[in-house]
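Fold and contact review
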Amino acid sequence: MFEFTDTALAEQFQIGNSPDLNKLLRLPCLFISEGIREEVCRVGTITSARIANGEIRFEYLIDPDLPPLQNSFLFEHRIRLDMDRHKYNWDWSRNHWAVKDIDLYRFLLQNVNPRRQKPTVFVIPEHETIQAQLLAVMIPFDAGFDPVYAAINQASTNCGLVARRADEIWEAPGIIQDVVSLIDRARVVVCDLSNRNPNVLYEAGIAHTLGREVIIIAQTEHDVPFDLRYLRHIRYLNNSEGLAALTVAIQDRVQTIIGH
């Protein structure tokens, strides 16, 4: 208790040698798992607490209006959050309850994306939860494009990412929901506009609207609509040599995006 807390601040929340639980219950809390990467952190409040046998036992509620956060995001802002007190990052690896002289809600308001208007055709979460290793592939559902998907998948693997396409998952009753959810979670989206497939064009529009990093590929320049032709895209030949070159081109682009 009070580890990594300023001594003067800790004294404000103590009665003798015991925590002043009534005061502590008034504070908003970050409930953080150990780690500094993709561990999930939630914002909430402690609703009740008591000391029993040298332990503090408490109940809490998660704030439904605030998004889940990742420890990597908090770690990036660790100085502002006063969570950089040990060179070995023990703030992030020890089971403790710390108090910080920080306006938590002001910090979240300044650094966390606000709610967004809900669409009616499909559902997207109010807050983003991007999976850093996910690469979504929007490609025609046609066996003739299986070698293309294999080339994209190889590029993704070479970059340490995992490629997925919508027909590989079944999480919702409607396919469009699975497609949108996949795009919304993805770090990078690859869209193959070959043959001007209307489904892929629609998915590319969704990816752009959601602010994803989109890599456009096509077998001919004519496949890319005029409104998108000003964007850089990768042209490829659907043969063994062309697909090998496609793997290299996508790999180079992905590495630029993710900073490797």
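The following paragraphs examine the structure supplied in this document.

Regarding unusual backbone geometry
Notably, Phe-2 is not glycine yet its phi reads approximately 65°, a positive angle. Structurally, the position occupied by Phe-2 is in the segment before α1 (7-12). The buried category is assigned to Phe-2, whose relative accessible area is 10%. The phi dihedral of Asn-53 is positive, around 55°, even though this residue is not glycine. Structurally, Asn-53 is set in the loop between β4 (40-52) and β5 (55-62).

Side note on the sheet that holds strand β9 (residues 186-192)
Across the sheet, five strands lie side by side as β8-β7-β9-β10-β11; this open sheet has parallel pairing. Where the open sheet ends on each side, the last strands, each with one partner, are β8 (162-165) and β11 (233-235). With strand direction ignored, the average angle separating the axes of adjacent strands in the sheet is 25°. Sheet topology note: the strand β10 (residues 213-218)/β11 ladder contains three bridges and is parallel. When the bridges of β11 are listed, Ala-218 appears paired with Arg-235. Relative to the sheet, helix α6 (residues 175-185) contacts β7 (131-138), β8 and β9, its axis offset from that of β7 by approximately 135°. Lying over the sheet, helix α7 (residues 198-209) contacts β7, β9 and β10, oriented at roughly 150° with respect to β9.

Details of the packing of aromatic side chains
Counted by the stated rule, this structure contains five aromatic pairs. Note on Phe-58 and Tyr-60: the rings are 6.3 Å apart at their centroids and 55° apart in plane angle, and the pair reads as tilted. Consider the rings of Phe-75 and Trp-92, whose centres lie 5.5 Å apart with planes at 75°: the pair is edge-to-face. Here Phe-75 is found in helix α3 (residues 71-76), whereas its partner Trp-92 is found in the loop between α3 and α4 (104-111), with 17 residues between them in sequence.

The rules we used
Residues numbered from 1 in each chain as written. Predicted model: local features only at pLDDT ≥ 70, side-chain atom pairs only at ≥ 80, totals over all residues. Heavy atoms only, no water. Helix = DSSP H or I, 4+ residues; strand = E, 2+ residues; numbered from the N terminus. Buried < 20%, exposed > 50% of the residue type's maximum accessible area, 1.4 Å probe, protein only. Pairing = 2+ DSSP bridges. Axes fitted to C-alpha atoms, helices over the stretch in contact; angles between N-to-C directions. Contact = heavy atoms within 4.5 Å. Phe/Tyr/Trp six-rings, centres within 6.5 Å; stacked < 30°, edge-to-face > 60°.

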